[in-house]
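# Working through the structure, step by step
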Amino acid sequence: MANPLQLAYRTQKAIGVFDADPVYEALPGFTKPEGNLRCCVYSGCGRYFAYATNEGVVIVDASVGHVLTSLPIPAVYDLSFSPNGTYLSTWERPAKDENGDATKNLKIWRTIEELADDAEKQPIGKFVQKSANGWNLQYTEDERFCARIVTNEVQFYNSNDLGTVWNKLRVEGVSDFALAPGKNQNVAVFVPERKGHPASVKVFNVPQFTSPISQKTFFKADKVQLKWNQLGTALIVLAQTEVDKSNKSYYGETNMYLLSANGSFDARVTLDKEGPIHDVSWSPNSKEFGVVYGYMPAKTTIFNHRAVATHSFPLGPRNTIIFSPTGRFALVAGFGNLAGQIDVYDLEKDYRKITTIESGNPSVCTWSPDSRYILTATTSPRLRVDNGIKLWHVGGGIMYNEDMVELYNVIWRPVPASNLPNIDPLHPVPTPHPSALAYLGTVKTPSKPVGAYRPPGARGSSTPLHFKREDEGGAAHSVSNGVPQVGPNGFGRPRRQIPGAEFAEPARPSVPGAAVDDESLSKTALKNKKKRNKKAKEGQAQAEGTTTPNEGGLAPPRESVDGRSPDRNHQRHHSRSQSRSNNLAVRTQNNHRSRSNVRQPNAPVQQAAPVVDAAAAAAQSANAKKIRSLQKKIRAIEDLEMRHAGGEKLEDTQLKKIATKGSVIKELEALEKEGH
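The structure contained in this document is the topic of the report that follows.

Moving on, we come to the sheet that holds strand E18 (residues 199–205). Read across the sheet, four strands follow the order E16-E17-E18-E19 without closing on themselves; strand pairing throughout is antiparallel. Strands with a single pairing partner mark the edges of an open sheet, and in this sheet they are strand E16 (176–179) and strand E19 (214–218). Ignoring strand direction, the axes of neighbouring strands in this sheet form an average angle of 10°. Pairing between strand E17 (residues 186–191) and E18: six bridges, direction antiparallel. When the sheet's bridge partners are listed, Asn-186 is paired in E18 with Asn-205.

This brings us to the packing of aromatic side chains. Scanning the entire structure with this criterion turns up 18 aromatic pairs. Relative to Tyr-257, the ring of Phe-218 lies with its centre 4.4 Å away and its plane at 15°, an arrangement referred to as stacked. With Phe-218 in strand E19 and Tyr-257 in strand E22 (residues 254–260), the pair connects residues that are 39 residues apart, well separated along the chain. Under the relative-accessibility criterion, Phe-218 is labelled buried at 5%. Take Tyr-257: its relative accessible area is 7%, and that puts it in the buried class. Note on Phe-289 and Phe-303: the rings are 5.5 Å apart at their centroids and 15° apart in plane angle, and the pair reads as stacked. Pair noted here: Phe-289 is in strand E25 (residues 288–293) and Phe-303 is in strand E26 (residues 298–304), with a separation of 14 residues, a long-range link. Here Phe-289 falls in the buried class, since its relative accessible area comes to 0%. By relative accessible area, Phe-303 is classed as buried at 3%. A network of ring pairs unites the aromatic residues Phe-30, Tyr-42, Phe-49 and Tyr-51 as a single cluster. In this structure, Arg-38 packs its charged tip against the face of Tyr-77, placed 4.6 Å from the ring centre.

With four bridges joining them, strand E6 (residues 57–61) and strand E7 (residues 67–71) adopt antiparallel strand pairing. Bridging across to E7, Ile-59 finds its partner in Thr-69. As consecutive antiparallel partners, E6 and E7 are separated by five residues, and within that stretch Gly-65 has a phi angle of approximately 90°, a positive value.

Strand order across the open sheet formed by four strands is E32-E33-E34-E35, with antiparallel pairing between neighbours. Each edge of the open sheet carries a strand with a single partner, namely strand E32 (364–367) and strand E35 (398–403). Shown here is a sheet whose adjacent strand axes are inclined to one another by a mean of 10°, direction ignored. Where strand E33 (residues 373–378) meets strand E34 (residues 388–393), six bridges bridge the pair, whose relative direction is antiparallel. Bridge pairing links Ile-374 to Trp-392 in E34. The strands touched by helix H1 (residues 434–442) are E34 and E35; relative to E35, the strand with the most contacts, the crossing angle is about 80°.

Before going further, it helps to examine the side chain of Ser-380. Assignment of secondary structure puts Ser-380 in the loop between E33 and E34. Overall, the relative accessible area of 4% leaves Ser-380 in the buried class. If we ignore the near neighbours within four places in the chain, the residues touching Ser-380 are Asn-387, Glu-406, Leu-407 and Tyr-408.

A few words on unusual backbone geometry. Backbone torsion omega between Ser-380 and Pro-381 reads 5°, so that peptide bond is classified as cis. Assignment of secondary structure puts Pro-381 in the loop between E33 and E34. For the bond from His-427 to Pro-428, the omega torsion is -5°, close enough to zero to count as cis. Looking at where Pro-428 falls in the secondary structure, it is placed in the loop between strand E36 (407–412) and H1. The backbone of Ser-371 sits at a positive phi, close to 65°, despite the residue not being glycine. With respect to the element layout, Ser-371 can be found in the loop between E32 and E33. Classification of Ser-371 as buried rests on a relative accessible area of 0%.

Rules used in this analysis
Residues numbered from 1 in each chain as written. Predicted model: local features only at pLDDT ≥ 70, side-chain atom pairs only at ≥ 80, totals over all residues. Heavy atoms only, no water. Pairing = 2+ DSSP bridges. Helix = DSSP H or I, 4+ residues; strand = E, 2+ residues; numbered from the N terminus. Axes fitted to C-alpha atoms, helices over the stretch in contact; angles between N-to-C directions. Phe/Tyr/Trp six-rings, centres within 6.5 Å; stacked < 30°, edge-to-face > 60°. Buried < 20%, exposed > 50% of the residue type's maximum accessible area, 1.4 Å probe, protein only. Lys NZ or Arg CZ within 6 Å of the ring centre and 35° of its normal. Contact = heavy atoms within 4.5 Å.

Spelled out as structure tokens, the structure:
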């Protein structure tokens, strides 16, 4: 390769262009701009480098660093080149002119053009672009056509004539589109769900827009990511909803579909682990793609172009997969709120794991164009401390380190595949820069992990499976939001278990009516059982002592209600209202009458009760109803008396009701005498 690897970075105060391996020094011919610098970008061919300042946009020859031309447009917030670097797009913040109309803030320029000495460079096209998302034109690989989305249609232009719309693709409700790379001039459009109709992705051939050559309809898609492979022969659709209706994920629900450009294949990609899709990426060979999916620890799987899984990597806390430009290597990493570990695999050597890199907390991770190095960088505003860049060899060693103050962006200079050297990226290992050795001197030797806290009773024993991660042999993650949890007996939630404690033996199901073994009862249950047995024996003894043969097994006297002793009944009479005791007496009397004809297994045989005629039974039932009604009145009167004694002001009707207490009690006593 004629020139060494090169990268550019933008900090709070400057923009720099840096030659990496093997020189590791700033580009000699490039003058660092300083001040308020908003953006910088390389062209896809790697020939040009552009950056924006408050005065305008400057275009530089990336090989030597000399300024080629400049554009007199201040306040540019974003830049982008066409695939071959022929055109440069600039985007400014939306604004309005004196008449209140929106200004044309998206401008297209020729990167290099011959002008007279006193002529000023003019854009070849202007558009109104309010949104900063997807603001740029999309070009075909040969730059013959470009397209942009407007309301309900995608407009196509000849790249050298942006004043006239060349063709239109009319699609009702279209919200996103993607032009295919490669020689296949196809375009994919996305229409979200609307009024109960499913979302759809359609693929058209440019310019034959009468009917799609491939399409897929599906639900649960508020927005999508359209990912073409490099040849433009297959499309991955990553659909996502804003809200997960099953309440399993805070970030919505994700699904993935695969479509072929010629319409011969379309399917939903089936994933064998529950959870969201973290990342999906095509291999440069366009024949396979990788997916990171599932609840943590996530699963990473390689699929072929027919959505058939060919290899799965070990489970781990990972959420990113990136293939190297040559397609030989793949890195599987965990960034964001994860630990920043990077696993590097050699796909040509049976997916062998080469190394694991402890990268810290980077927010940028990219391969070098020759697949020999991995660039990691911690940038602002995600983290405003520990900003800087690091270069790692694919074998795992660090090659370069530089700390910076508020680093905002860092990018590799693209290199065409034809200019890459044909050498083994793994061997020989290059010599590290002195900054890498200094960095290794500051890194602390990782100590033995302490592990999670365990209570004293659980120490020295093996960790239960439900406390282990899935990649450590534990149980798989399960989501309980919105799903009822069922305990061992089939009802309610399972009981909480103390770590390290022995598991209690499950209770054996009991047969209804069978005797319960005292050994299986707890202390409290056994104590309560003894109390109940004692009360039952006392009640049975009193009933046998007060019942005569002429009574035929009728209820015992009132002073032994509920099997209690007369003394306890006397205390109960004073502690509760008289109406409550009378109610219990009537209820107990009825219960004894109903049990009088039932022969007890252990009781002696008694004389049969005389037959009571139907009229007497009906009269007795009517009296019982009157007694219950009068008792209810007495309870209500006593409640009013307590409220009145507490100082509450009662109504006249309530006072009159209290005055009737004496007559109600007399009537109740008369009915009770009739019952006896």
